[in-house]
Structures are given as C-alpha cells and as structure tokens.
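# Summary of structural features
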Amino acid sequence: MTAATASQTAGPYWHMIDFPEWADLLRASGPNAGAEGERITLTGRITDGDGAACADALVEIWQAGPDGRYGPGFHGFGRCASDADGQFRFTTLKPGPVPGPGNATQAPHIALTIFARGLMKHVTTRVYFADEPRNAEDPILNLVPAERRVTLLARPEAPGTWRLDIRLQGADETVFLDL
C-alpha cells in the first residue's frame, strides 16, 4: 500500500521552465511558422483575493487551430510567466469551434492553466471570446451560472487584442474548472 503525498505550493522557480519564446505561438522558428488564421494577442492580469498582482505565476494555454482541430497544422500549446504587475501575454491564432459532448459544438475557446505560489494545485479555466455567437450554445459555458460567465469572456482591447483578467479568489473570482 502506498501513502498519499501531500500537495505542495507551486513556485517561485518558473525561470527553470520558462522559455519566453513559448508565449509567441507564431514565432518564426516555432512549430506554427507559416500557420494561417486570424492572428490575435491574448493578454490579462492575474490577481489574488486582495486584488494584488500575482507577479510569479506561470500561465499555460492549450487550444485548437483555426480549423477547430488539435495538433495537425497548428501546435496550440504556449507558456509564459506573469510580469511584476501580474500581466501575461500570448500571440496566437484565434481558435475555431471544436466538437463537444454528444453532437454539440463548443464555441472557440482557449484552455488556460495557472501555476502560482500559494496554490496547492494549479487552476484551469477557459477563455471564450465575448463577440462569439456560438457562446450561447456552448455546452461547457452553459454549465456556468449566467452571472458568472463574464469571468470567462475575453473582451476586445484593441484590434486583434483580447483581454481576460484572472481573479484567483474573492469577489469576482474567475470560474475555474475541475478537470
């Protein structure tokens, strides 16, 4: 019989696994060089329950390509560290809709995971795009109470730039998913 091992908080050693170039999924020397689709920037700020910046978080994203497929033609994984103000930034392609449970279609979205000091386990959420008509029919988004969905909706900040701020706890806490 094996004994359970206690969880440990994460960080602050992100420099050992942080490769800043991984925040640009479209970098010339990367696996998506030449990939086609709507180029976007995804940005946001991570704060704790008191509203203070999480300056040592590591953010990972995983997404489908513009064609709604994972893998072939578009490598949808990225990683970046938050800066001193808790900001993160990715350059990628806007994902397409993907198959969902049953015969449903999920709205375009990006899975986002955060590792940070003080978290006993990483947290995962989704980034949906506020202007997407398919959001109304997304089977996962519709599991979230209507008044809380706003915490999953990235808003346009400038042409091609989407912003989703993440609140780890407290008032206006981002909805996190149990995976």
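Residues numbered from 1 in each chain as written. Predicted model: local features only at pLDDT ≥ 70, side-chain atom pairs only at ≥ 80, totals over all residues. Heavy atoms only, no water.

## Observations regarding the overall build of the protein chain
The helix and strand tally for the protein chain stands at zero helices and 11 strands. Listing the helices and strands of the protein chain from first to last along the sequence gives β-β-β-β-β-β-β-β-β-β-β. Put simply, the protein chain has 179 residues, and 43% of those count as buried. Carbon and sulfur atoms provide 53% of the accessible area of the protein chain, an area that totals close to 9500 Å². (Helix = DSSP H or I, 4+ residues; strand = E, 2+ residues; numbered from the N terminus. Buried < 20%, exposed > 50% of the residue type's maximum accessible area, 1.4 Å probe, protein only. Areas by Shrake-Rupley, 256 points an atom, 1.4 Å probe, with all protein chains shown as cover.)

## A closer look at the packing of aromatic side chains
In total, this model carries five aromatic pairs according to the counting rule given. Taking 5.0 Å as the distance between ring centres and 35 degrees as the angle between the ring planes, the aromatic pair formed by Phe 19 and Trp 22 counts as tilted. Here the aromatic rings of Phe 88 and Phe 90 are separated by 6.3 Å at their centres, their planes lie at 55 degrees, and the arrangement is tilted. Accessibility assignment for this pair places Phe 88 and Phe 90 in one class, buried. Members of the aromatic cluster, joined through ring pairs, are Phe 19, Trp 22 and Phe 77. The ring of Phe 129 has Lys 94 lying over it, and the distance from NZ or CZ to the ring centre is 4.9 Å. (Phe/Tyr/Trp six-rings, centres within 6.5 Å; stacked < 30°, edge-to-face > 60°. Lys NZ or Arg CZ within 6 Å of the ring centre and 35° of its normal.)

## Regarding the pattern of salt bridges
Inspection of every chain in the model, using the stated rule, returns eight salt bridges. A salt bridge links Arg 45 to Asp 85; its shortest N-O distance comes to 3.2 Å. Taken together, the residues Arg 45 in strand β1 (residues 39–47) and Asp 85 in the loop between β3 (77–81) and β4 (87–93) connect sequence positions 40 residues apart. Take Arg 45: its relative accessible area is 22%, and that puts it in the partly exposed class. We classify Asp 85 as partly exposed; its relative accessible area is 38%. (Salt bridge = Lys/Arg side-chain N within 4 Å of Asp/Glu carboxyl O.)

None of this, on its own, says anything about what the molecule does.
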